Amino acid sequence: MRFAALLGACAVTQAASECKDLFAPPFTGVPIQIMLGISCPAVDMCFVAGGNSAGYGVYQVGDPTFKSGVKQLAVNGKSPMKLLMTTAMEDSTHGVVGGLGLLIGGTYYTVDGQTFESSTFEYGLVTTQAAYTLGGGHFAYVGSYNGHQGAAISTNGGVSYKGAWWPKNFSADAPARYGAFPSDSTMYVTGGTWPQDNQSDTRDMSSRVRFNTNTGKHEVRMGARANQGTTGEFTAAITKSTDGGATWKVQYHNTGKFYFNGIHCASATVCMAVAEGDTGAHVFKTEDGETWKEILVWGNTTGGSAMDVKMLSETEAWVGFAFAVSTLNSGAVMAHTTDGGKTWD
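If you're wondering where the values come from, they're calculated on a predicted model, not measured in any experiment.

Cut-offs used in this document
- Residues numbered from 1 in each chain as written.
- Predicted model: local features only at pLDDT ≥ 70, side-chain atom pairs only at ≥ 80, totals over all residues.
- Heavy atoms only, no water.
- pLDDT = per-residue confidence, 0-100.
- Helix = DSSP H or I, 4+ residues; strand = E, 2+ residues; numbered from the N terminus.
- Pairing = 2+ DSSP bridges.
- Axes fitted to C-alpha atoms, helices over the stretch in contact; angles between N-to-C directions.
- Buried < 20%, exposed > 50% of the residue type's maximum accessible area, 1.4 Å probe, protein only.
- Contact = heavy atoms within 4.5 Å.
- Polar contact = N/O pair within 3.5 Å; in protein donor to acceptor, adjacent residues only side chain to side chain.
- Phe/Tyr/Trp six-rings, centres within 6.5 Å; stacked < 30°, edge-to-face > 60°.

Caption draft 1: Region of interest: the confidence of the model for the chain. This prediction gives the chain a mean pLDDT of 85; 81% of its residues lie at or above 70. Per-element mean pLDDT across the chain ranges from 49 in strand 1 (residues 8–10) up to 98 in strand 26 (residues 293–298).

Caption draft 2: Inspection of the sheet that holds strand 6 (residues 70–72) at higher detail. An order of 3-4-5-6 is seen for the four strands of this open sheet, with the pairing classed as antiparallel. Only two strands of the sheet have a single neighbouring strand rather than two, namely strand 3 (34–42) and strand 6. Averaged over all adjacent pairs, the angle separating strand axes in this sheet is 25°, with direction ignored.

Caption draft 3: Representation of the environment of Gly113 in the model. Summarising the element assignment, Gly113 is placed in the loop between strand 10 (107–110) and strand 11 (115–118). For Gly113, a relative accessible area of 0% corresponds to the buried category. Sequence separation between Gly113 and Asp91 is 22 residues, and the spatial gap between their C-alpha atoms is 8.5 Å. With near-sequence residues (within four places) excluded, Gly113 lies in contact with Phe47, Gln60, Leu73, Ser92 and Thr93.

Caption draft 4: A look at the side chain of Ser154. Along the polypeptide, Ser154 turns up in strand 14 (residues 148–154). When its relative accessible area of 0% is taken as the criterion, Ser154 is described as buried. A distance of 2.9 Å separates the side chain of Ser154 from the side chain of Asn156, its partner in a polar contact. For Ser154, the side chain forms a polar contact with the main-chain oxygen of Ser160, separated by 2.9 Å. Residues in contact with Ser154, not counting those within four places in the same chain, are Gly137, His138, Phe139, Val159, Ser160 and Tyr161.

Caption draft 5: Region of interest: the environment of Thr190. You can see Thr190 is positioned in strand 17 (residues 187–193). Judged by its relative accessible area of 0%, Thr190 is buried. Remark: the alpha-carbon pair of Thr190 and Ala275, spanning 85 residues in sequence, is separated by 9.5 Å. When sequence neighbours within four positions are dropped, the list of residues in contact with Thr190 reads Trp166, Pro175, Ala176, Arg177, Tyr178, Ala237, Ile238, Phe260, Asn261 and Ile263.

Caption draft 6: Seen up close, the packing of aromatic side chains. In the structure shown here, the tally under the stated rule is 13 aromatic pairs. Seen in terms of ring centroids, Trp194 and Tyr259 are 4.5 Å apart; in terms of plane orientation they differ by 50°. Their pairing is tilted. Here Trp194, found in the loop between strand 17 and strand 18 (202–204), pairs with Tyr259, found in strand 23 (residues 259–265); they are 65 residues apart in sequence, far enough to count as distant. Each member of the pair Trp194 and Tyr259 is classed as buried. When the centroid spacing of 5.9 Å and the interplanar angle of 75° are considered together, the rings of Phe258 and Phe260 count as edge-to-face. Summarising the burial analysis for this pair, Phe258 and Phe260 share the class buried.

Below, the structure is given as structure tokens:
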């Protein structure tokens, strides 16, 4: 099954509050059919990790409407599998991309915005779920490396990474998914999993989307996971380190309801995280950096999901929701709050 991304443009300034679809069903004219990660260092320059049924890569887009100016960039490396899932650009010439690396490689960096080279000292199985720019040539990714889970930090532009890993078996039932890095010493990592199909030829990207390694295509599921012959259960965790990843603490853990996706912080103590499951989409918030409270449930009867959240301040935030009742009854909603999550529009 092939699908095109529902691409939208959203204002990101403090005063703006508008999002609009750039493409509408049946998504004809979308230049990149599958968009897994996007980073825009300027209003007229975005980098996208994704591709189509013919293959995957990283793309530079110079047209804010995404209707032209799309260029596939070179990704050099020896990994036999280059499934790129995330990108983080500090500016138009410096940044990183990452995804799934087999035997060698898994993350890549650029110093000219045109060619990405493989990071060094990566051997085995590397999964880069999400990448982040920390400023000053520093980057981070959340994922796994040869059985380690958690975060890894680069201080040399993505050339190499040093693990800030969770302790072994720290959160074995909720693998690392996304992170937030509000300061040099403070970092949060979400974790989670969902009922799996246990098929050797597929890799789940989320509970609703999986990658088929035989066909090279993504497949979309509709409806409740419990009705699709899956095994296992939902697990969710939020973890925190206050010493740069030397030690970690589980702040929140849940089983049976949902799993966590994105997390973002306005400060070291004020953050939001989003989750999704058969009970819809969930938004959590901490105001003291320790205690997490659920502040919103969305789409609990329409297959609601949430992949990411962006905090512009301690009171203003955006959340990207989606719903999927059926193939013909699905879509996306951008939710906006200016009062710390008390109300949303």
